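Results of the structural survey
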Amino acid sequence: MRIAIDGPSGAGKSTIAKMLARHYDILYLDTGAMYRAIGLSAVRNHVDVYDFSAVSDLIKKVDVQVKYENGAQAVYLDGENVNGLIRTEEVSMAASAVSAVPEVRIKLVELQREVARGQSVVLDGRDIGTYVLPDAEFKFFLTATAEERARRRTLELQGRGLPADYETVLKQIIERDHADSTRAFAPLKQAEDALLVDSTGLEIDEVLRIMTNAIDGE
Ligand code: DC
């Protein structure tokens, strides 16, 4: 069983994907973390993330690996576990920019398909149902209004003791949505056969129920 979850940032994809992985006892792959690792590498190496040729040179040299440690995904960049370094706003914007470069996508998609090969998985990202696993058994497009996603993100950051201003977060979310859905190669798009789930105003348990009902055929 392969489950594909796509949607814009902050829609709750990773939370729900983890819940589905636990519910069905299958593997979860957070593909965004892989783009974030490349974004981090670009930031560290002072590579202009909007320069396609510089990013494509970078991707030839970086080594990205995904490992599972105590059931949790760890992303390794050139041998270093970078899980704790890839959730900053700077890396988010860099990840979005480098993800537009075809060479980056080709390399990471190959890795993603390798992880998904021969086992039951849930993957979340932007192009899972349209490009990475077009023949996945279950596809969802999880979304929410930009305002709701910004509200959740602001609360989450504040909960972690980080400075967060709603208006700034909203602006970044809108910018990233635009960049992710207008890039030429494998943009964020709902697959024709994906079930649209709008989580605006829903509790996470209600979203989970909608998805498990769809999967279990109830
Ligand atoms: O899901 P996320 O916010 O962690 O993803 C970070 C960025 O990576 C996102 O802005 C776009 C890119 N991405 C992508 O292009 N394709 C994916 N399958 C996953 C993420």
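Residues numbered from 1 in each chain as written. Predicted model: local features only at pLDDT ≥ 70, side-chain atom pairs only at ≥ 80, totals over all residues. Heavy atoms only, no water.

Here the focus is the site of the ligand. Lining the immediate environment of the ligand, one finds 16 residues, of which Arg36, Arg105, Arg126, Arg176 and Arg183 sit closest. Note that an oxygen atom of the ligand is positioned 2.8 Å from one of the side-chain N or O atoms of Arg176. Ranked by the residues each element gives to the shell around the ligand, the list is headed by helix H2 (residues 31-44), at four residues. The class makeup of the residues in the shell around the ligand is three nonpolar, five polar and eight charged. (Near = heavy atom within 4 Å. Polar contact = N/O pair within 3.5 Å; in protein donor to acceptor, adjacent residues only side chain to side chain. Helix = DSSP H or I, 4+ residues; strand = E, 2+ residues; numbered from the N terminus. Nonpolar A, V, L, I, M, F, W, Y, C, P; charged D, E, K, R; others polar.)

Ranked by size, the top nonpolar core spans 39 residues in total, and within it Ile38, Val104, Leu108 and Leu123 carry the most contacts. Of all the secondary-structure elements, those providing two or more residues to this core are H2, helix H3 (52-61), strand E3 (64-69), strand E4 (72-77), helix H4 (89-98), helix H5 (102-116), strand E6 (121-125) and helix H6 (128-132). Counting residues in hydrophobic clusters, the runner-up holds 19 residues, among them Ile5, Ile16, Ala21 and Val207. (Core = buried A, V, L, I, M, F, W, Y, C linked by side-chain atoms within 4.5 Å. Buried < 20%, exposed > 50% of the residue type's maximum accessible area, 1.4 Å probe, protein only.)

Turning to unusual backbone geometry, a few remarks are in order. In most cases, non-glycine residues show a negative phi, while peptide bonds are predominantly trans. The backbone of His46 shows a phi angle near 55°, a positive value even though the residue is not glycine. Looking at the secondary structure, you find His46 in the loop between H2 and H3.

As a further point, take the pattern of salt bridges. One pass over the structure, following the stated rule, counts 16 salt bridges. Arg183 is the partner of Asp180 in a salt bridge, and the nearest nitrogen-oxygen pair spans 4.0 Å. For the pair formed by Asp180 and Arg183, the shared burial category is buried. Ionic contacts of the salt-bridge type, sharing partners, join the residues Glu89, Arg153, Glu156 and Arg160 into one network. (Salt bridge = Lys/Arg side-chain N within 4 Å of Asp/Glu carboxyl O.)

What follows covers the side chain of Ser96. Along the chain, Ser96 turns up in helix H4. Judged by its relative accessible area of 10%, Ser96 is buried. Within the structure, the side chain of Ser96 is placed 2.8 Å from the side chain of Asp180, a separation counted as a polar contact. Look past the residues within four positions of Ser96 in its chain and what remains in contact with it is Arg176, Ala179 and Asp180. (Contact = heavy atoms within 4.5 Å.)

Here we come to the sheet that holds strand E1 (residues 2-6). Spatially, E2-E6-E1-E7-E8 is the arrangement adopted by the five strands of the open sheet, whose pairing is parallel. Looking at strand neighbours, the two that pair on one side only are strand E2 (27-30) and strand E8 (195-198), the edges of this open sheet. Mean inter-strand twist for the sheet, computed between neighbouring axes without regard to direction, equals 20°. The sheet contact formed by E1 and strand E7 (residues 138-143) spans four bridges and is parallel. Note that in E7 the partner of Ile3 across the bridge is Phe138. Packing against the sheet, helix H9 (residues 204-216) makes contact with E1, E7 and E8, and its axis sits at approximately 160° to E7. (Pairing = 2+ DSSP bridges. Axes fitted to C-alpha atoms, helices over the stretch in contact; angles between N-to-C directions.)

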